[in-house]
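Chain and residue survey
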Amino acid sequence: METPLATFQRTVADAIQRAFSLPRDESTADMAPCAQEEFGHYQCNSALRLSKLLKKNPRQVAEQIISHLDDATKSRCSKIEIAGPGFINFTLTPRHLSFELNHQLNDPRLGAMKPLKKQKIVVEFSSPNIAKELHVGHIRSTIIGDCLARLFEFLGHDVLRLNHIGDWGTQFGMLITYMREVAPEVLKGHEKTDLSTLMGWYRAAKKKFDEDPEFKKRAQRQVVELQSGNAEAMHAWKLICDVSRRGFQDIYDLLDTKTTERGESFYNPYLAEVVTEFDKKGLITISDGAKCIFLEGYANREGEPLPLMIQKADGGFNYDTTDLAALRHRIFVEKADRLIYVVDAGQSLHFQMVFAAGEKIGWYDSSKLKVEHVPFGLVLGADGKKFKTRSGETEKLIDLLTGAVDKAREILIERLPTASVEEIEELAKVIGIDAVKYSDLSTHRIKDYTFSYDRMLKFEGNTAVFLLYAYVRINGIKRKTHANMDHVLAQHQIDLNHPTEVTLGLHLRRFGEILEYFSRDLLPNRLCEYLYELAEKFNGFFRDCRVEGTQEEGSRLVLCELTARIMRQGLEILGLETVERL
Ligand code: ARG
């Protein structure tokens, strides 16, 4: 179903066309939700812009728009008012809102609009590196990327979740050479190991590589063997990847996320082709023996042109080459309509240049195909510095997640002294992980944020627990009335009366609109704020409107049901699990 905003957009655009005999253009209807409900529900800001075009007084333009509105629009509103220099404020009638909410309740999309066209959307996220450092940035990417994928899946798009794992490169040469020395049995597959041991070896190998020239030579030879597909080297590589993969999977299981692994190695067969393609189009400049693409507008600190290097002097390909191959593959093979890369803000320049090179060679036109780097800020520790786990190393990131579960357990044991061990265990897992995700998603994506168990597990304020608590409370009301919800839903409809009911109802109607905004700017904190406000508005309703035993019990129970459904759906898009009791 259409959102109220979209309905206004359409009908006001019609009125503008009629009033001024202008060609039909939806963008002339500049509609937005009102900042404050006492002024109205939706506001039209078109009169000011049109007044310049038409050389008329804006209030007069606003009057003309109003007089050309169709009757249906007028009858939906209890008030249409001109304010300030020429804004038009619309207030919907409780009757109309009630009517739409009853529809929304039975809409499988809960009021979110069906997209005009189903798009193929590639969401690349997580993308850790095999055996190399796994940092909390990868966790952020996983949480945010999973949320974006869930959003587009809910809206009905065809989403491809890709995990661009760093599974190729010179690090394997070092690591395999080192493991031949210290852990030959592991390489042969006779002994098992785990991710953190692997990362320890990686650090040691790196040290040796930097200090020992003879080791360095052997490691480099190993890289060549790997690249030429030597069976023994490939076997070792696969084994190392498998160990890492299992470690990553533990994290994905805890976070309840799914990804399709398509690591850097996948693009290996295409790298040479990509370079040739750039070469053929005359876009390559040789600089110090390396093949480079120079793009307008990119310079280093000294102001010298900064190239994208796609083949090193020794013939090797690199991170940039791989990303060009990946871009090409996603455009031409996956036939994506939208490409999203959820990667930390530190890599912004890299993506800008890769995308610019892709456009320059003519793979796509950025005015037609959306290719977006979705950056995010750092996670900081209590000391305000980049977050590190206690040991100072970044391994065992999983401890960060299980730590939240442990902390949640402690709090729950104190709060719920009568709960059974099993109940506490179940709740702790949901609450701990929800808290980590929500504290991440509720901060503006681009900002750095401070990781704090105490803050994320608070029961008050904009936290996961607060929302879960609101959700549980809504269900509590349903339980308290002993009503059979199926009967209630069959026999009653929402009929808004009290002002706090209207406030809640209007907010519920806005769910689709928020998702619309969210799908454009990809800021999850928008949805978090929406749900937080929903909880607060529900609490206002709960304070002012009695449900049990009143004449309005039926209607109000249905309103509770819709609130619960939207809350659950909103949380699900964020990747948060709900609980039925707390
Ligand atoms: N593996 C990289 C890292 O950990 C992130 C990959 C980002 N994605 C990409 N297409 N380059 O820094």
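Before reading further, recall that the structure is shown in the block above.
Each chain has its residues counted from 1, following the order in which its sequence is written. Per-residue local features of the predicted model are confined to residues with pLDDT of at least 70, and side-chain atom pairs are confined, for both listing and counting, to 80 or more; whole-chain, interface and lining totals are unaffected and use all residues. Side-chain measures here rest on the full set of heavy atoms in the structure, leaving out hydrogens and waters.

**Structural notes on the sheet that holds strand β4 (residues 87-92)**
Rules: DSSP bridges decide pairing: two strands pair if at least two such bridges lie between them. Strands here are runs of E lasting at least two residues and helices are runs of H or I lasting at least four, both read from the DSSP assignment and numbered beginning at the N terminus. Convention adopted: a line fitted to C-alpha atoms gives each axis, helices being fitted over their contacting stretch, and angles between N-to-C directions are expressed from 0 to 180 degrees.
One open sheet holds the four strands; their spatial order is β1-β2-β4-β3, and the pairing between them is antiparallel. At either margin of the open sheet sits one strand with a lone partner, and together these are β1 (31-33) and β3 (77-83). Strand-to-strand twist in this sheet, taken as the mean axis angle between neighbours without regard to direction, amounts to 25 degrees. Relative to β4, strand β2 (residues 42-44) runs antiparallel, the two sharing three bridges. Bridge pairing links Gln43 to Asn89 in β4.

**Considerations on the site of the ligand**
Where we set the bar: Nearness here has a simple test: a residue counts as near a molecule or strand if at least one of its heavy atoms is within 4 Å of that partner. Throughout this description, a polar contact denotes any pair of N or O atoms lying within 3.5 Å of each other; where both atoms belong to protein, one of them has to be capable of donating a hydrogen while the other can accept it, and for residues adjacent in sequence the pair is counted only when both atoms sit in side chains. Throughout, the Shrake-Rupley method with a 1.4 Å probe supplies accessible areas, and for residues the shown protein chains are the sole cover considered.
In the vicinity of the ligand, the contacting residues are Glu124, Ser127, Asn129, His138, His164, Tyr319, Asp323, Tyr341, Val343, Gln347 and Phe351. Within the side chain of Asp323, a nitrogen or oxygen atom sits 2.7 Å from a nitrogen atom of the ligand. Out of a free accessible area of 350 Å², the ligand has 92% covered by protein chains.

**Focus: the pattern of salt bridges**
Note the cut-off: A carboxyl oxygen of Asp or Glu within 4 Å of a side-chain nitrogen of Lys or Arg is what we treat as a salt bridge. Accessibility here uses a 1.4 Å probe with only protein chains present; expressed as a share of the type maximum, an area under 20% marks a residue as buried, one over 50% as exposed, and anything in between as partly exposed.
Per the counting criterion, the structure on display carries 40 salt bridges. With a shortest N-O distance of 3.0 Å, Glu296 and Lys360 are connected by a salt bridge. With Glu296 in strand β9 (residues 290-299) and Lys360 in helix α14 (residues 348-360), the pair connects residues that are 64 residues apart, well separated along the chain. Residue class for Glu296 comes out exposed when judged on its relative accessible area of 63%. Through salt bridges that share partners, Asp146, Arg150, Glu153, Arg161 and Asp256 make up one connected network.

**Things to note about the packing of helix α16 (residues 421-441) against helix α18 (residues 464-480)**
Two measures define how a pair of helices packs: the angle their axes make with one another and the distance between the axes. Inclusion rule: The scheme is simple: roughly parallel for angles under 35 degrees, roughly antiparallel for over 145, roughly perpendicular for 65 to 115, oblique for anything else. Here, residues are in contact when the closest pair of their heavy atoms is within 4.5 Å. Residue classes follow a fixed rule: Ala, Val, Leu, Ile, Met, Phe, Trp, Tyr, Cys and Pro count as nonpolar, while Asp, Glu, Lys and Arg count as charged, and any other residue, Gly among them, counts as polar.
Put simply, α16 and α18 touch, their axes get as near as 8 Å, and they point 120 degrees apart. Comparing their axes, α18 and α16 come out oblique. Only Ala464, Val465, Leu467 and Leu468 of α18 make contact with α16, whose side of the interface consists of Ile431, Asp434, Ala435 and Tyr438. Split by residue class, the contact of α16 with α18 holds seven nonpolar, no polar and one charged.

**Notes on helix α10 (residues 213-227)**
To keep it simple, the criterion reads: A helix is expected to span 1.5 Å multiplied by its residue count minus one. Read the arc as the range of directions from the helix axis to the C-beta atoms.
In this model, α10 (15 residues) spans 21 Å end to end at C-alpha, consistent with the 21 Å of a helix rising 1.5 Å per residue. Residues of α10 that are buried: Phe215, Ala219, Gln222, Val223 and Leu226. Here the buried residues of α10 occupy an arc of 105 degrees about the axis, which is enough to place them on one side. The outward face of α10, more than 90 degrees from its buried face, is lined by the exposed residues Pro213, Lys217, Val224 and Gln227. Contact partners of the buried residues in α10: α7 (171-182), α9 (195-211) and α11 (231-255).

**Considerations on the side chain of Glu372**
Among the secondary structure elements, Glu372 is positioned in strand β12 (residues 370-374). A relative accessible area of 16% means that Glu372 is categorised as buried. Of note is the side chain of Glu372, whose polar atom sits 2.8 Å from the side chain of Arg338. With residues up to four places along the chain from it excluded, the contact list for Glu372 reads Arg338, Leu339, Ile340, Tyr341, Phe355, Arg520 and Leu522.

**Describing the pairing of β9**
Sheet topology note: the strand β8 (residues 285-287)/β9 ladder contains three bridges and is antiparallel. Its bridge partner lying in β9, Ile286 is registered against Lys291. The turn linking β8 back onto β9 is made up of two residues, and Asp288 within it adopts a positive phi angle of 50 degrees. As defined by bridge partners, β9 adjoins strand β10 (residues 305-311) across five bridges and the pair is classed as antiparallel. Paired with Ile293 across the bridge in β10 is Leu308. Following β9, the chain reverses through five residues before pairing antiparallel with β10; Gly303 in that reversal takes a positive phi of roughly 85 degrees.

**Overview of the side chain of Asn525**
Checked against the element boundaries, Asn525 lands in helix α22 (residues 524-544). Beyond its immediate chain neighbours, meaning those up to four positions away, Asn525 contacts Leu441, Ser442, Thr443, His444 and Arg445.

**Brief notes about helix α1 (residues 4-20)**
End to end, α1 covers 24 Å across 17 residues, agreeing with the expected 24 Å (1.5 Å per residue, within 8%). Here α1 lies mainly inside the structure; 13 of its 17 residues are buried.

**Some remarks on the environment of Val12**
Mapped onto the fold, Val12 is located in helix α1. Between the C-alpha atoms of Val12 and Ile65, which are 53 residues apart in sequence, the distance is 7.5 Å. Residues in contact with Val12, not counting those within four places in the same chain, are Ala29, Met31, Cys44, Ile65, Leu69 and Phe90.

**What to know about the environment of Lys360**
Among the residues examined, Lys360 registers a relative accessible area of 35% and is labelled partly exposed. Separated by 26 residues in sequence, Lys360 and Glu334 have C-alpha atoms that sit 20 Å apart. Leaving out residues up to four positions away in the same chain, Lys360 has contacts with Leu283, Phe294, Leu295 and Glu296.

**Description of the sheet that holds β10**
With respect to topology, three strands assemble into an open sheet ordered β8-β9-β10, the strand pairing being antiparallel. The strands lining the two open edges of the sheet, one partner per strand, are β8 and β10. Averaged over all neighbouring strand pairs, the angle between strand axes comes to 55 degrees, with direction disregarded.

**What about the pairing of strand β6 (residues 158-163)?**
β6 sits mainly inside the fold: five of its six residues count as buried. One ladder, built from five bridges, connects strand β5 (residues 120-124) with β6; its direction is parallel. When the bridges of β6 are listed, Val122 appears paired with Leu160. Note: β6 against strand β7 (residues 260-261), two bridges, orientation parallel. The residue bridging Leu162 from the neighbouring strand is Thr260, located in β7.

Geometric values such as these leave the question of function open.
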